[in-house]
Amino acid sequence: MGFKSQLLTAMALAAGLSLGAATNELTVQVNKPGAPVQPTMYGLFFEDINYAADGGLYAEMVKNRSFEFPQNLMGWVTFGNVSLKDDGPFDRNPHYVRLGAAGHGHKHTGLENEGFFGVTVKKGAKYRFSTWARTPGGGKAKLRVEIINPASSANSQVIASKEITVDSKDWKKYEVEITPDKSEKKGKLRIFLVKPDETVVDLEHVSMFPVDTYKGRENGMRKDLAQALADIHPGVFRFPGGCIVEGTDLATRYQWKNTVGPVENRPLNENRWHYTFTNRFYPDYYQTGGLGFYEYFLLSEDIGAEPLPILNVGLSCQYQNDKPSAHVPVDSLDEYIQDALDLIEFANGAVSTKWGGLRAEMGHPEPFNLKFIGIGNEQWGPEYVERLKPFVEAIRKAYPGIKIVGSSGPNSEGKDFDYLWPEMRRVKADLVDEHFYRNEKWFLSQGARYDSYDRKGPKVFAGEYACHGSKGKKYNHFNAALLEAAFMTGLERNADVVHMATYAPLFAHIEGWQWRPDMIWFDNDSSFRTASYYVQQLYAHNKGTNVLPLTMDKKAVTGAEGQNGLFASAVLDKERNEYIVKVANTSDESQELKINFAGLKKKDNVKKVVVQTLSSDDPLADNSLENPDRVKPVTKEFAMDERADWTTVLAPKTFAVYHFVK
Ligand code: AHR
């Protein structure tokens, strides 16, 4: 039905005419609240893919700040007399640069950093530049720190400048605040010796952050991006991935212990997304660990989400390693298991313990109250199960209250999946992580996916999922989001068995992505939220407290044959005193809905209806930096006097959240 027939439908309704057979009668049993909706529902999956951490959420602006990239000066251009040294003050990051006299009073020695896709600054904003430095031979030397626009046609390239006097032959941290008088997207950071004489200066861990980070933290997060996370009201925050947990080989797996303690001494790690896809290849993509496990826990706390760390199970990426020798032998897992136990101590242990003490030293004496831990990312086969088992035993013994998340492999169904679910039951995992990046057809067919799951086994963590449009439509268009919304009615209806769900991936830098679609896109100074983001937000904000049975012709509304492309679910929100009904109309037709409230008592009469809809005139429309609000929820309010039903027309290809406020 096109616009004309929609109009006719609206006119018919306005004139009080019935649409006859077209009416979809949904019955919500309001006096039978079912399973509680878990507080962990609708969360976030974070992985450093698409420059999500370094160059993204982590607000550091200097690339290769510790000169530890394998090509030590990658990201830097040096001039004058600069040499590389490797006996610096931080044993796990030993490299630094030495700036010597350039040979003549008019020649300069220094270096420039290109930042991540440029050094981007805003006029009037404050930036905190810091560096560790010394004058190894004694004496004093002046450094000038500048933010420049190298391509400027103005008299001067310099848009901000400050000086630092290095005055000690011992390593010290120097800090200065810089405020540019112009905005610049593709700037550079330049540091050089002023009036070079014979005084030599050493520099290490050269860093610059905006002062205005999320919650004002020094080693902080980009404000707009962290705020976008908080605005979801996520129930759970999974980190640090994803495949980076596994590593291309064991040497490059994610090791949380390397990401805590002073940032200057967190060793660099490779990032597999640098080279995983040669058609989108990023040779300068590494992990500094600056956004490490302490920061992940803190962020989870800040945004009100349960932290869910995922650790390596002793397997490197199984896609990339088919030889058993690439993995840890089952009888040699001690170090890996100890890492898991130590992590729980780091998060929850008393300050008198080794790892709890480190947490306190880093600024958080109170425990982070960790409740969940994932062991293994997207693993499969007996090689996974035999490694997971000793982890489960050790964690259960030391920390019986911690819930353990196992994996069902990389696919939503099939051989590995069918093998792993019973195995997860056997090892008594508390939750099982399912991954499904699937096309439209799959999402349309999965409305009833969880209706038949075993209620007694482990719970479901839909840990990575997104609708990947087929036929050249693999990006964040509205239709993909609509189908995610439709599918999610099945997560909601099955609150007794689905305990966590996280769309993936979360972030993508417009100039540096490897994988799409993603939930939030950004460049260096702005970001936009996709239609999929709004779907997640609509669910997270309206998850309610208990499921309510919702049927059409006595059947769950799952997009099944004869259900007119409708998917629906309902919850009660005891705190807000609302019944919340979510309906996705995936069809091309308007659908008349009559929502009946069965079992409604007079005292529970609904006073008003607030309707939030997410729709688009073009199903393939997506948001962008230029047009961030093209697809966005719209809210309307209606009075509803003493009625036990509500009739409305749901436009084609629309997701609606109806709040019936008592
Ligand atoms: O989200 C991108 C990748 O997809 C994850 O790293 C991995 O777990 C999955 O294959």
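Note that the coordinates shown come from a computational prediction; the quantities given were computed from them, not determined experimentally.

## Structural notes on the overall build of the protein chain
No. 1: Scanning the protein chain for helices and strands turns up 10 helices and 34 strands.
No. 2: For 662 residues, the compact-globule estimate of 2.2 N^0.38 gives 26 Å, and the protein chain sits close to it at 28 Å.
No. 3: The C-alpha extent of the protein chain, read off along each of the three principal axes, is 90 × 65 × 45 Å.
No. 4: Counting the 662 residues in the protein chain, one finds 60% classified as buried.
No. 5: Partitioning the intrachain contacts of the protein chain with sequence separation of at least 6 by distance along the chain shows that 77% fall at a separation of at least 24.

## Brief notes about the sheet that holds strand β2 (residues 43-45)
No. 1: In space, the eight strands of this closed barrel follow the order β2-β14-β17-β18-β19-β20-β21-β22, with parallel pairing throughout. Pairs of neighbouring strands in the sheet enclose a mean axial angle of 25°, with direction left out of account.
No. 2: Taken together, the two bridges between β2 and strand β22 (residues 498-503) define a ladder with parallel strand orientation. Paired with L44 across the bridge in β22 is Y503.
No. 3: Docked against the sheet, helix α6 (residues 382-398) engages β18 (372-375) and β19 (403-407), running at close to 175° with respect to β19.

## Side note on the site of the ligand
No. 1: Taken together, 13 residues surround the ligand, and among them E47, C243, E378, Y437 and E464 come closest.
No. 2: Contact distances for the ligand include 2.6 Å between an oxygen atom and a side-chain N or O atom of E464.
No. 3: Protein chains bury 96% of the 280 Å² of accessible surface belonging to the ligand in isolation.
No. 4: Grouping the amino acids of the shell around the ligand by side-chain chemistry returns seven nonpolar, three polar and three charged.

## So, the environment of A531
No. 1: In this structure, A531 sits in helix α10 (residues 531-541).
No. 2: The class of A531 is buried, set by a relative accessible area of 1%.
No. 3: Separated by 159 residues in sequence, A531 and F372 have C-alpha atoms that sit 29 Å apart.

## Things to note about the pattern of salt bridges
Side chains carrying opposite charge are able to pair once their charged atoms draw close together.
No. 1: Applying the stated criterion across every chain, the model contains 41 salt bridges.
No. 2: A salt bridge links D202 to R134; the shortest N-O distance between them is 2.8 Å. Taken as a pair, D202 in strand β13 (residues 201-210) and R134 in strand β8 (residues 127-134) lie far apart in primary sequence, 68 residues in all. Summarising the burial analysis for this pair, D202 and R134 share the class buried.
No. 3: Salt-bridge contacts for D212 lead to K223; the nearest nitrogen and oxygen are separated by 3.1 Å. Taken together, the positions of D212 in the loop between β13 and α2 (223-230) and K223 in helix α2 put the pair 11 residues apart, joining distant regions of the chain.
No. 4: For K223, a relative accessible area of 39% gives the class partly exposed.
No. 5: Overlapping salt bridges, with partners in common, bring together E413, E434, R438 and R449 in one network.

## Considering the packing of aromatic side chains
No. 1: For the structure on display, the rule yields 52 aromatic pairs.
No. 2: Measuring from centroid to centroid gives 6.1 Å for F46 and F507, while their planes differ by 75°, and the two rings are edge-to-face. Here F46, found in the loop between β2 and β3 (76-79), pairs with F507, found in strand β23 (residues 507-509); they are 461 residues apart in sequence, far enough to count as distant. The pair F46 / F507 is uniform in exposure class, with both members buried.
No. 3: When the ring centre of W273 is taken as origin, the NZ or CZ atom of R272, which lies over that ring, is 4.9 Å away.
No. 4: Directly above the aromatic system of W513 lies the positively charged group of R280, at a separation of 3.7 Å from the ring centroid.

## Quick notes on the side chain of S66
No. 1: Position of S66 relative to the elements: it lies in the loop between β2 and β3.
No. 2: Each residue touching S66, except ones within four places of it in the same chain, is listed here: N93, H95, E204 and H205.

## A closer look at the sheet that holds strand β1 (residues 23-29)
No. 1: Taking strand neighbours across the sheet as the criterion, the four strands line up as β27-β1-β30-β33 in an open arrangement whose pairing is mixed. On the outer flanks of this sheet lie β27 (550-551) and β33 (645-650), each paired with one strand and no other.
No. 2: The sheet contact formed by β1 and strand β30 (residues 591-598) spans seven bridges and is parallel. Within the sheet, the bridge partner assigned to E25 lies in β30 and is K594.

## Description of the confidence of the model for the protein chain
No. 1: Residues at a pLDDT of 70 or more form 97% of the protein chain, whose mean pLDDT is 95.
No. 2: Between residues 1-21, whose pLDDT stays under 50, and residues either more than four places distant or in other chains, the model counts 19 contacts.

## As for the packing of helix α3 (residues 293-303) against helix α4 (residues 334-348)
No. 1: For the pair α3 and α4, the least separation of the axes is 11 Å and the interaxial angle reads 50°. It follows from the interaxial angle that α3 and α4 lie oblique. By crossing handedness, the relation of α3 to α4 is classed as right-handed. Contact residues: α3 offers F293, Y294 and F297, while α4 offers L343, F346 and A347.
No. 2: Across the contact of α3 with α4, the residue classes break down as six nonpolar, no polar and no charged.

The rules behind these values
Residues numbered from 1 in each chain as written. Predicted model: local features only at pLDDT ≥ 70, side-chain atom pairs only at ≥ 80, totals over all residues. Heavy atoms only, no water. Helix = DSSP H or I, 4+ residues; strand = E, 2+ residues; numbered from the N terminus. Rg over C-alpha atoms; globule rule 2.2 N^0.38 Å. Buried < 20%, exposed > 50% of the residue type's maximum accessible area, 1.4 Å probe, protein only. Contact = heavy atoms within 4.5 Å. Pairing = 2+ DSSP bridges. Axes fitted to C-alpha atoms, helices over the stretch in contact; angles between N-to-C directions. Near = heavy atom within 4 Å. Polar contact = N/O pair within 3.5 Å; in protein donor to acceptor, adjacent residues only side chain to side chain. Areas by Shrake-Rupley, 256 points an atom, 1.4 Å probe, with all protein chains shown as cover. Nonpolar A, V, L, I, M, F, W, Y, C, P; charged D, E, K, R; others polar. Salt bridge = Lys/Arg side-chain N within 4 Å of Asp/Glu carboxyl O. Phe/Tyr/Trp six-rings, centres within 6.5 Å; stacked < 30°, edge-to-face > 60°. Lys NZ or Arg CZ within 6 Å of the ring centre and 35° of its normal. pLDDT = per-residue confidence, 0-100. Parallel < 35°, antiparallel > 145°, perpendicular 65-115°, else oblique. Left-handed = near helix turned anticlockwise from the far one by under 90°.

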